[in-house]
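# Summary of the model geometry
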Amino acid sequence: MRTFKEHRPGDAMSQSITLAITKGRVLQEALDILDKIGIRPEEEIESSRKMVFPTNRNDIRLMILRGMDVTTYVEHGIADLGMSGRDIILEHGGNGFYEPLNLHIGQCNMMVAGLKDEGTLPNRLRIATKFVNTAKRFYAEKGIQVDIIKLYGDMELAPISGLAHRIVDIVQTGNTLRANGLVPLELIEKISTYLIVNKIALKTKYDKIQPLIDALGGATR
Ligand code: AMP
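Per chain, residues are indexed from 1 in the order of the written sequence. In view of the model being predicted, local features appear only for residues whose pLDDT reaches at least 70, and side-chain atom pairs are presented and counted only at 80 or more, with totals across whole chains, interfaces and linings using the full set of residues. Only hydrogens and water are removed before side-chain values are computed, so all heavy atoms of the structure are retained for them.

A word on the site of the ligand. In the neighbourhood of the ligand, the contacting residues comprise Arg25, Gly106, Cys108, Glu156, Asp169, Ile170, Val171, Gln172, Thr173, Gly174, Asn175 and Thr176. Polar contact criterion, stated in full: a pair of N or O atoms within 3.5 Å, where within protein one must be able to donate a hydrogen and the other to accept it, and residues adjacent in sequence count only if both atoms are side-chain atoms. Residue Gln172 places a main-chain N or O atom 2.8 Å away from an oxygen atom belonging to the ligand. A distance of 2.4 Å separates an oxygen atom of the ligand from a polar side-chain atom of Thr176. Elements with a minimum of two residues in the shell around the ligand: β9 (166-171) and α6 (175-179). Near residues are defined by distance, with any heavy atom within 4 Å of the molecule or strand qualifying the residue. Under the scheme used here, helices are H or I runs from DSSP no shorter than 4 residues and strands are E runs no shorter than 2 residues, and both carry numbers assigned from the N terminus.

What follows is the structure, encoded as C-alpha cells:
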C-alpha cells in the first residue's frame, strides 16, 4: 500500500489526486456531484469506518474527514482538494488554499441567535459558539466588545441555561432554535459548500486539477 508521503503535492511520480470530503449532512450531495462528473467511490462510504476510499478513477481517491479537518488537510497539502462549508473556511481563515467554486450545496446561514424574550441585557454580552474566530471578527467589525465562550455543540443550551446571552451558530430550517425558545437575530454570512484547492497542488498538478475544477463547475452551475 502507498503511504501518504508518496502523494504529497509536487510528487510528479504519482500525480494522484486526493479529494477530502465530510461524512455528514452534505455527503450524499457531494457524492452526487462527483457522480455527475464520472467519479464514483468503489466502496460504500456511509456504512464504512474507513477514511480513504479508492474511486473508479485510479488517479483519484477520497478522504473522509470531520468538517473542521478538511481545511487543515488541504492547507497542509495532504489532500489536494476538498469540499468544505464556508462556515468552516471562515473559521479556519483560508490560508494555503484557493476557493475556486461555490458548489451550491449545504446551504444555510451563520446567525446570531438569542432567547425570544431576552429581558434586559448587560452592556458586555457573553456569546457561546464553536465558531470563535468568526464571532470575534463579527463583533470586532461592529466595534462591540463581547466575551466569547467556546462550545463544541448544542449551542442552544447556552442562553437557556444562562451560560451565555447569545449564540453564533448555523441555522438551516430554524427548527432547532424554535424548539429551544430561541430566535435568529442577525445574519453573519450566507453559507454553502465550496471546493477548496491547495495552492501548491494547483501549480504542480495543474493538468489534473484544473480539468476537475472545470468539470465540477459545469456540474454545479
Ligand atoms: P436547523 O434546525 O435546520 O436550523 O439546523 C440547525 C442545527 O443543525 C444546528 O445545530 C447546526 O449546527 C446544524 N446545521 C444546520 N445546517 C448545517 C450545515 N449545513 N452544516 C453543518 N451543521 C448544520
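Pairing of aromatic side chains here covers Phe, Tyr and the six-membered ring of Trp, requires ring centres within 6.5 Å, and sorts the geometry by plane angle: under 30 degrees stacked, over 60 edge-to-face, intermediate tilted. Taken as a whole, this structure holds one aromatic pair when the rule is applied. Centroid distance Phe138 to Tyr139: 5.1 Å. Interplanar angle 80°. Geometry classified as edge-to-face. Across the pair, Tyr139 and Phe138 agree in class, each one buried. The rule is short: NZ of Lys or CZ of Arg within 6 Å of the ring centre and within 35 degrees of the ring normal puts a charge over the ring. The positively charged end of Lys50 is found above the aromatic ring belonging to Phe53, 5.8 Å away from the centroid. Seen from the ring of Tyr194, Arg86 lies directly overhead, with NZ or CZ sitting 5.7 Å from the centre. Classification of residues uses two cut-offs on accessible area relative to the type maximum, computed with a 1.4 Å probe and protein chains only: under 20% is buried, over 50% is exposed, and between them is partly exposed.

Here we take up the environment of Gly38. You can see Gly38 is positioned in the loop between α1 (27-36) and β2 (52-54). When the C-alpha atoms of Gly38 and Ala215 are compared, they prove to be 9.6 Å apart, with 177 residues separating the residues in sequence. Working rule for contacts: check all heavy atoms of both residues, and any pair within 4.5 Å makes them a contact. Ignoring any residue separated from it by four or fewer positions in sequence, one finds Gly38 in contact with Asn56 and Arg57.

Ordered in space as β2-β3-β1-β4-β11-β5, the six strands form an open sheet in which the pairing is mixed. Only two strands of the sheet have a single neighbouring strand rather than two, namely β2 and β5 (97-102). In this sheet, neighbouring strand axes are inclined to one another by 30° on average, regardless of whether the strands run parallel or antiparallel. Two strands make a pair as long as DSSP finds a minimum of two bridges between them. Bridge count between strand β4 (residues 81-85) and strand β11 (residues 193-198): five bridges; the pairing is antiparallel. Residue Gly82 lies in a different strand from β11, and its bridge partner there is Ile196. Here helix α8 (residues 206-220) sits on the sheet in contact with β1 (17-22), β3 (60-65), β4, β5 and β11, set at roughly 30° to β5. Simply put, an axis is a line fit to the C-alpha atoms, just over the touching stretch for a helix, and the angle between two N-to-C directions goes from 0 to 180 degrees.

With that out of the way, let us pick up the side chain of His165. Position of His165 relative to the elements: it lies in the loop between α5 (157-161) and β9. Exposure remark for His165: the relative accessible area of 15% places this residue in the buried category.

Remark: α1 packs on α8, axes separated minimally by 9 Å, with the N-to-C direction vectors making an angle of 110°. Overall, the two elements α1 and α8 adopt an arrangement that is roughly perpendicular. Crossing angle aside, the handedness with which α1 passes α8 is right-handed. Residues Ile33, Leu34 and Lys36 of α1 lie in contact with α8, whose contacting residues are Leu216, Ala219 and Thr220. Split into classes, the residues belonging to the contact of α1 with α8 amount to four nonpolar, one polar and one charged. Note that the term roughly parallel is reserved for angles under 35 degrees, roughly antiparallel for angles over 145, roughly perpendicular for angles of 65 to 115, and oblique for everything else. Crossings are classed by handedness, with left-handed meaning an anticlockwise turn of the near helix from the far one by less than a right angle and right-handed meaning a clockwise turn. We call Asp, Glu, Lys and Arg charged. Ala, Val, Leu, Ile, Met, Phe, Trp, Tyr, Cys and Pro are nonpolar, and the rest, Gly among them, are polar.

Attention shifts here to helix α4 (residues 132-142). By the burial criterion, the buried members of α4 are Val132, Thr134, Ala135, Phe138 and Tyr139. Downstream of α4 by one or two residues, Gly143 has phi in the positive range, about 70°.

Here we come to the sheet that holds strand β7 (residues 125-129). If you trace the five strands from one edge of the open sheet to the other, you get β8-β7-β9-β6-β10, paired in mixed fashion. What marks the edges here is a single partner per strand, and that holds for β8 (146-150) and β10 (182-191). Sheet twist, expressed as the average angle between the axes of neighbouring strands with direction ignored, equals 30°. Here eight bridges tie strand β6 (residues 108-115) to β10, and the two strands are oriented antiparallel to one another. Paired with Val112 across the two strands is Glu186, which belongs to β10.

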